[in-house]
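One-letter residues, chain by chain:
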Amino acid sequence: MRHFEYKNGEYYCEDVPLSTIAKEVGTPFYCYSHATLSRHYDVFDKAFETIPHLICFAVKANSNLSVLKIFSKLGGGADIVSGGELFRALKAGMEPGKIVFAGVGKKKDEIKSALEAGILMFNVESSQELLAIDTVAAELGVKAKVALRVNPNVDPQTHPYISTGLKENKFGINYDSAFEEYRQASALDNIEVVGAHMHIGSQITQITPFVDALDKTLALVRGLENEGINIQYIDVGGGLGITYNDEAPPHPKELAEAIAPLLKDSGRTIIFEPGRVIAGNAGALVTSVMYTKINEGKTFYIVDAAMNDLARPSLYGSYQGIVPLDEDTTSRKKVSADVVGPICESGDFLAKDRILPVLKQGEMIAVMSAGAYGFTMSSNYNSRPRVPEILVNGSQFNIIRERETYDDLVRGETVPDYLK
Ligand SMILES: *Cc1c(COP(=O)(O)O)cnc(C)c1O
């Protein structure tokens with residue numbers, strides 16, 4: 001069931017026409033569907049019901065407090081990569097015992113906050129980091145629970161910027177040295193080894209890379225157990241892809257059918273860190289066509305959202321669907337057009353050479369699949385206030401983050417006296 005669709009000639013999110021929201025908050029804005037977010041979480045949760053599991057939503061995909069709250073209420077946890085994300089996860093009511101902390105550059109104060117909160121485990125990415133965690137844990141007089149993030153050297157066959165499990169990537173610990181690292185970790189006074197972690201990339205549309213990586217991780221885990229190092233949690237990371245255009249990623253159920261048998265009866269808990277697959281298609285960025293023009297025979301739709309609001313097209317050349325809010329437009333003549341923002345960069349586009357109906361000045365479009373890595377990657381480039389986020393639930397909608405003001409833009413800036 002789709003929660004973004006045309007009804008009565010207008011594009012809706014659940015039971016609310018997107019144009020109604022635009023009337024209240026203006027454009028651009030991000031809009032998320034509560035029904036989609038919770039359904040995607042449930043689908044994932046159900047897929048793995050045959051084995052003990054924990055779903056830790058990857059906060060970097062969408063870190064709005066209300067969005068995190070949806071998952072915490074459904075019993076989910078959080079996968080965090082910074083102290084800021086820890087702050088958000090706790091503020092959203094996530095149980096500390098359901099929070100896992102990854103990232104290659106954890107700072108000591110971030111480690112300290114996570115230990116004080118009592119998170120489930122650190123996913124450790126280097127031996128120096130391990131020593132830093134041991135030191136901070138000693139200072140606090142606690143034992144830090146860790147998994148080592150093992151780099152299984154599996155090609156996820158995705159965009160190079162979002163592939164993380166190849167041996168040349170900056171992430172994790174080399175597969176070949178992982179065994180020795182585990183030995184050293186288990187010898188440290190303030191470290192308790194509890195898990196093994198992998199995360200091989202994002203927007204993965206095949207099952208094989210997951211199975212291959214998990215096979216390698218499990219081989220390591222069996223070796224560790226022979227040494228008396230017990231691994232309670234297997235964290236397989238995130239990375240399952242979604243349909244932006246014509247990709248056909250596996251359903252979470254297919255993934256479950258492929259990997260659950262490998263883990264069944266092991267007594268271990270499996271952890272997932274899905275981000276994109278939960279939130280990506282649960283959100284859209286709604287924007288207005290401010291101007292249309294034809295340069296050298298090429299049609300440009302200049303819209304009020306830009307690369308600072310949604311970075312994916314300019315960052316990865318990625319495809320985001322474009323849907324006009326008014327269904328009448330779909331019967332119009334089609335043109336090949338670039339949808340571009342107001343930013344002074346040629347890389348500022350949301351769609352390139354896209355076949356779209358002829359659009360008129362003032363009409364609105366929804367940029368689809370923008371619920372993950374949309375708002376969270378936005379910036380204030382060109383001194384553009386960040387746009388509001390809206391959560392739709394049935395026929396009700398709430399502003400879950402206000403549009404920034406010009407005062408927000410200069411907050412924290414001070415001019416030294418000699419310049420006054
Ligand atoms: C980004 C990230 C995820 C989420 O990836 P998705 O592709 O959005 O599912 C999970 N785990 C870690 C460690 C990550 O860095």
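Going by the structure above, here's the rest.
These figures come from a predicted structure and were not determined experimentally.

A. Main features of the site of the ligand. Every one of the 14 residues lining the ligand counts as a neighbour, but Lys60, Ser202, Glu273, Arg276 and Tyr373 are closest to it. Here a nitrogen atom of the ligand and a side-chain polar atom of Asp79 are 3.0 Å apart. Side-chain polar atom of Glu273 to a nitrogen atom of the ligand: 2.5 Å apart, as the coordinates give it. Of the residues assigned to the shell around the ligand, the class counts are four nonpolar, five polar and five charged.

B. Representation of the packing of aromatic side chains within the structure. By the definition in use, this model includes nine aromatic pairs. Aromatic pair Tyr30 and Tyr32: ring centres 6.3 Å apart, planes at 25°, arrangement stacked. Given the relative accessible area of 0%, Tyr30 is considered buried. Residue classification places Tyr32 among the buried positions, given a relative accessible area of 1%. Between the aromatic rings of Phe44 and Phe272, the centroid separation amounts to 5.4 Å while the plane-to-plane angle is 70°, which identifies the pairing as edge-to-face. Residue Phe44 is found in helix α2 (residues 34-47), and its partner Phe272 is found in strand β13 (residues 269-272); the two are separated by 228 residues along the sequence. You can call Phe272 buried: its relative accessible area is 2%. Counting every residue linked through ring pairs, the aromatic cluster contains Tyr30, Tyr32 and Phe375. Arg354 extends its terminal NZ or CZ atom over the ring of Tyr319, reaching a point 3.7 Å from the ring centre.

C. Here's a closer look at the pattern of salt bridges. All told, the structure shown has 16 salt bridges when counted by the stated rule. Across the pair Lys98 and Glu95 runs a salt bridge whose closest N-O atoms are separated by 3.5 Å. A relative accessible area of 46% places Glu95 in the partly exposed class. In this structure, Asp417 engages Lys420 in a salt bridge whose closest nitrogen and oxygen atoms are separated by 3.4 Å. Each member of the pair, Asp417 together with Lys420, is exposed.

How each quantity is defined
Residues numbered from 1 in each chain as written. Predicted model: local features only at pLDDT ≥ 70, side-chain atom pairs only at ≥ 80, totals over all residues. Heavy atoms only, no water. Near = heavy atom within 4 Å. Polar contact = N/O pair within 3.5 Å; in protein donor to acceptor, adjacent residues only side chain to side chain. Nonpolar A, V, L, I, M, F, W, Y, C, P; charged D, E, K, R; others polar. Phe/Tyr/Trp six-rings, centres within 6.5 Å; stacked < 30°, edge-to-face > 60°. Buried < 20%, exposed > 50% of the residue type's maximum accessible area, 1.4 Å probe, protein only. Helix = DSSP H or I, 4+ residues; strand = E, 2+ residues; numbered from the N terminus. Lys NZ or Arg CZ within 6 Å of the ring centre and 35° of its normal. Salt bridge = Lys/Arg side-chain N within 4 Å of Asp/Glu carboxyl O.

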